[in-house]
Amino acid sequence: DRMTHQEGKQSIREIIQRFFKWRPPTWRTPEMIGFTIITTIHLALLFTKKEPYASIFECMIVPTLLLWAFRHGRSRLLCLALIFCDGGDIFLETHQDHLFLAGMASFALAHICFIAMFSITGTPRTLIKRPWILVGYLFIASSLLWWSWFDLPIMLRIGIPIYTLLQMTTASSAMAYSWITGLGGMMFLTSDCLILLQLAHKVSPLVQLILIMPLYIFGVFFLTTGYCYHSHQLEITTTDDEVNERLLVPSLEDG
């Protein structure tokens, strides 16, 4: 029992150390500086209810991540997902009821791109080995959907279950890929679940002011930087392995 307790403390310590040591690759770039400044301005405007300026700055946040990912991420699916996310922001920030479905469709396409991006890396095999990830998210999403179902507008009752399935799959795939993207997927899912509860009049508008946008912004941030960081680490590992093989093969032939 003492050994198990010590191992548990050591694993927690390692997670904390990894978190504080983690830095996105190429952090000090114009795009990331712009992301920090625009996000700060947007949240300040949002908390002080300065419209339409808060909406304008919101639609400028994801493009900074898109530019950063385009320069450093080298993933077309990631860039495409961010384009659809920004499209969803633009549609939703018009605050027009007839454009809400267009915004939800744009975010659904973003989730499809995220799912495809993670699936290429082999996350389905990881989810098979760790089914608790998918089961946990399925339970949370289905419970919230059941709780809010009868209070949702009728026009949304067809699209929201499909969208919920996509966002749950994104969060599960992100968790299977790495802990950084897992954090991003969890925050993105939480933000969308709060929007669902808000549509069903289950939470107060104050929740939107305090939680929904910060969770969404940093969810997309961790999905983007986490994927690029982890793929960058994999590239370094692969390159080192190739170098070792090239050094090893001649020595075996000589032997």
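Owing to the predicted nature of the structure, the values given are computational and were not obtained by experimental measurement.

Q: Outline the packing of aromatic side chains, supporting the account with residue identities and numerical values.
A: Applying the stated criterion to the full structure yields 8 aromatic pairs. Ring plane angle 85 degrees and centroid distance 5.8 Å describe the contact between Phe107 and Tyr216, whose orientation is recorded as edge-to-face. Here Tyr216 lies in helix H11 (residues 205–254) and Phe107 lies in helix H6 (residues 97–120), a separation of 109 residues in the sequence. The interplanar angle of 80 degrees and the centroid separation of 5.4 Å between the aromatic rings of Phe188 and Tyr216 together place this pair among those described as edge-to-face. Pair noted here: Phe188 is in helix H10 (residues 179–199) and Tyr216 is in helix H11, with a separation of 28 residues, a long-range link. The class for Phe188 is buried, based on a relative accessible area of 3%. Under the relative-accessibility criterion, Tyr216 is labelled buried at 6%. Feature note: the residues Phe35, Phe221 and Phe222 constitute an aromatic cluster, connected by ring pairs.

Q: Account for helix H2 (residues 30–47), naming residues and giving values.
A: Helix length check: H2 (18 residues) gives 26 Å between terminal C-alpha atoms against 26 Å at 1.5 Å per residue, within 8%. Taken together, the buried positions of H2 are occupied by Glu31, Met32, Gly34, Phe35, Ile38, Thr39, His42, Leu43, Leu45 and Leu46. The arc that holds every buried residue of H2, seen down its axis, measures 160 degrees, which confines them to one face. Among the exposed residues of H2, those oriented more than 90 degrees off its buried face are Pro30 and Thr40. Backbone geometry just downstream of H2 places Lys49 in the positive-phi region, at approximately 60 degrees.

Q: Which residues make up empty space enclosed by the protein, and what values do they have?
A: Inspection of every chain in the model, using the stated rule, returns 1 cavity of 30 Å³ or more. Taken as a whole, the largest cavity holds about 40 Å³ of empty space. In terms of lining residues, the largest cavity is bounded by Glu58, Ile61, Val62, Leu65, Asp89, Met213, Tyr216, Ile217 and Val220. Elements with a minimum of two residues in the lining of the largest cavity: helix H4 (61–72) and H11. Across the lining of the largest cavity, the residue classes tally to 7 nonpolar, no polar and 2 charged.

Q: Which residues make up the side chain of Gln167, and what values do they have?
A: Position of Gln167 relative to the elements: it lies in helix H9 (residues 159–177). Excluding residues within four positions of it along the chain, Gln167 makes contact with His111, Leu189 and Asp192.

Q: Break down unusual backbone geometry for me, citing the residues and quoting the values.
A: The omega torsion of the bond from Glu51 to Pro52 falls at 5 degrees, within 30 degrees of zero and hence cis. For Pro52, the position within the fold is in the loop between H2 and helix H3 (53–58). The backbone phi angle of Lys49 is positive, close to 60 degrees, even though this residue is not glycine. Tracing the sequence through the fold places Lys49 in the loop between H2 and H3.

Procedures and definitions
- Residues numbered from 1 in each chain as written.
- Predicted model: local features only at pLDDT ≥ 70, side-chain atom pairs only at ≥ 80, totals over all residues.
- Heavy atoms only, no water.
- Phe/Tyr/Trp six-rings, centres within 6.5 Å; stacked < 30°, edge-to-face > 60°.
- Helix = DSSP H or I, 4+ residues; strand = E, 2+ residues; numbered from the N terminus.
- Buried < 20%, exposed > 50% of the residue type's maximum accessible area, 1.4 Å probe, protein only.
- Expected span 1.5 Å × (residues − 1).
- Arc of directions from axis to C-beta.
- 1 Å grid on protein atoms, 1.4 Å probe; cavity = no way out; pocket = protein on both sides within 12 Å on 5 of 7 lines; lining within 4 Å.
- Points joined across faces, edges and corners; volume = space filled by probe spheres on them.
- Nonpolar A, V, L, I, M, F, W, Y, C, P; charged D, E, K, R; others polar.
- Contact = heavy atoms within 4.5 Å.

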